[in-house]
Amino acid sequence: MRTLILSDLHSNLEATQSCLEAARELGYDRVAILGDLVGYGGSPDEVVKVVQALDPAVIIRGNHDRVVAGIEQGEDFNLLALQAALVNRRLLSAESRDYLANLPPGPRPLGESCLVAHGTPLDEDEYLVDPDAAALLFRGLDFFLCFFGHTHLPCVFRKTRETVSGLLPVPGGTRIPLRDGERYLINPGSVGQPRDEDPRAAFLILDETQRQVVFHRVSYPVPKAQLRILEAGLPPLLAQRLQRGI
Ligand code: ZN
């Protein structure tokens, strides 16, 4: 069983399509989506429709999905994120807004010993960036493997019998073997707004037969995504950052 894991698509249709094309070539059986389909980018309605058509085995909401869907008003958002969310809300069809509004919160199970979460399995809005915080999650919860998003940084926190270590950011092409007796918190990175100074779209494939995850990066037509952002009347900074992956 091979699972395509996508997170933080952020209304970037070009990045989403390029990931799906690359993943189709690699081969996968099912899809898991870790939230933040929308926000920041210029194609929220198109991305929601693409995701719906994938019929994900598991999908959860992210913080941007809540605000764009109108469940929350984004009081805790910075100005840039809030402006983008309000423009995204205007660009959504009623059907897509309903789909977003009904996405469940994480964590949700993916198979028997695996979870998916947006921030962490305890808090959908927490940014998980260091091994100490990961250690608390390993201690407090029972899972072998948890995929999470939200930080837009591809990373692995690995618990062995002795220690919890972090690998971040993880370069594209990295293969992580999954070993019995160890436990993992893994972030695939962001499809639509990478922030590790690699502008290529990020995704990951979990291969349960081979007992491994592989991180992938794929180039996509950034100028096209930038044009959609500008045409939608979104802040130009959101277009500029895609070029540098920040
Ligand atoms: Zn995000």
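Above this note sits the structure.
Undergrad: Run through the overall build of the protein chain, naming residues and quoting values.
TA: The number of helices and strands found in the protein chain is eight helices and 12 strands. The C-alpha atoms of the protein chain give a radius of gyration of 17 Å, which matches the 18 Å a tight globule of 246 residues would have. Structurally, the protein chain occupies a C-alpha span of about 50 × 35 × 30 Å along its principal axes. Within the structure as shown, the protein chain displays about 10,500 Å² of accessible surface, and the carbon and sulfur contribution to it stands at 49%. Side chains of the protein chain carry 25 positive and 32 negative charges; the gap between the two charge centres is 3 Å.

Undergrad: So what's going on with the coordination of the zinc ion? Which residues, and what values?
TA: Distances from the zinc ion to its protein donors, D8 (OD), H10 (NE2), D36 (OD) and H152 (NE2), fall within 2.1 to 2.5 Å. Note that the zinc ion binds four donor atoms; their angles at the metal cover 87 to 177 degrees, and the shape is irregular. All donors of the zinc ion belong to a single chain; written as a sequence motif, their spacing is D-x1-H-x25-D-x115-H. In this pair, D8 sits in the loop between β1 (2-6) and α1 (13-26) while H152 sits in the loop between β6 (145-147) and β7 (155-159), placing the two residues 144 residues apart along the sequence. Of the residues examined, D8 reaches a relative accessible area of 0% and is grouped as buried. On the basis of relative accessibility, which here comes to 2%, the residue H152 falls in the buried class.

Undergrad: Give a detailed account of the pairing of β1, specifying residues and quantitative values.
TA: Most of β1 sits inside the fold, with four of its five residues counted as buried. One ladder, built from four bridges, connects β1 with strand β11 (residues 201-207); its direction is antiparallel. Bridge pairing links T3 to L206 in β11. Taking the sense of rotation as the criterion, the β-α-β connection linking β1, α1 and strand β2 (residues 30-33) turns out right-handed.

Undergrad: Report on the packing of aromatic side chains, specifying residues and quantitative values.
TA: Within the structure shown, the criterion is met by three aromatic pairs. Summarising the aromatic geometry, the rings of F148 and F157 are spaced 6.5 Å apart at their centres and angled 20 degrees between planes, so their arrangement reads as stacked. Across this residue pair, the class does not change: F148 and F157 are buried. Above the face of the F143 ring, R183 is positioned so that its terminal group lies 5.0 Å from the ring centre. Sitting above the plane of the Y40 ring, R241 keeps its charged end 5.7 Å from the centroid.

Undergrad: Outline the pairing of β11, listing residues and values.
TA: Most of β11 is tucked away: seven of the seven residues are buried. Taken together, the seven bridges between β11 and strand β12 (residues 212-218) define a ladder with antiparallel strand orientation. Paired with I205 across the strands is V214, a residue of β12. Counted between consecutive antiparallel strands, the loop separating β11 from β12 contains four residues, among which R211 sits at a positive phi close to 55 degrees.

Undergrad: Outline the sheet that holds strand β8 (residues 164-167), listing residues and values.
TA: With mixed pairing, six strands are arranged side by side in an open sheet as β4-β5-β6-β10-β7-β8. Two strands lie at the open edges of the sheet, namely β4 (108-109) and β8, each paired on one side alone. Pairing analysis gives two bridges linking β4 to strand β5 (residues 114-116), with the strands arranged antiparallel. Within the sheet, the bridge partner assigned to R108 lies in β5 and is V116. Packed onto the sheet, helix α6 (residues 131-140) meets β7, β8 and β10 (183-187) and runs at close to 130 degrees relative to β8.

Conventions adopted
Residues numbered from 1 in each chain as written. Predicted model: local features only at pLDDT ≥ 70, side-chain atom pairs only at ≥ 80, totals over all residues. Heavy atoms only, no water. Helix = DSSP H or I, 4+ residues; strand = E, 2+ residues; numbered from the N terminus. Rg over C-alpha atoms; globule rule 2.2 N^0.38 Å. Areas by Shrake-Rupley, 256 points an atom, 1.4 Å probe, with all protein chains shown as cover. Lys, Arg positive; Asp, Glu negative; His and termini not counted. Charge placed at Lys NZ, Arg CZ, Asp CG, Glu CD. Donors = N, O, S within 2.8 Å, 3.2 Å for Na, K, Ca; no water. Tetrahedral: all angles 85-135°; square planar, octahedral: opposite > 155°, others 65-115°. Buried < 20%, exposed > 50% of the residue type's maximum accessible area, 1.4 Å probe, protein only. Pairing = 2+ DSSP bridges. Right-handed = clockwise from strand over helix to strand, strands pointing away. Phe/Tyr/Trp six-rings, centres within 6.5 Å; stacked < 30°, edge-to-face > 60°. Lys NZ or Arg CZ within 6 Å of the ring centre and 35° of its normal. Contact = heavy atoms within 4.5 Å. Axes fitted to C-alpha atoms, helices over the stretch in contact; angles between N-to-C directions.

Taken by themselves, the reported measurements are silent on function.
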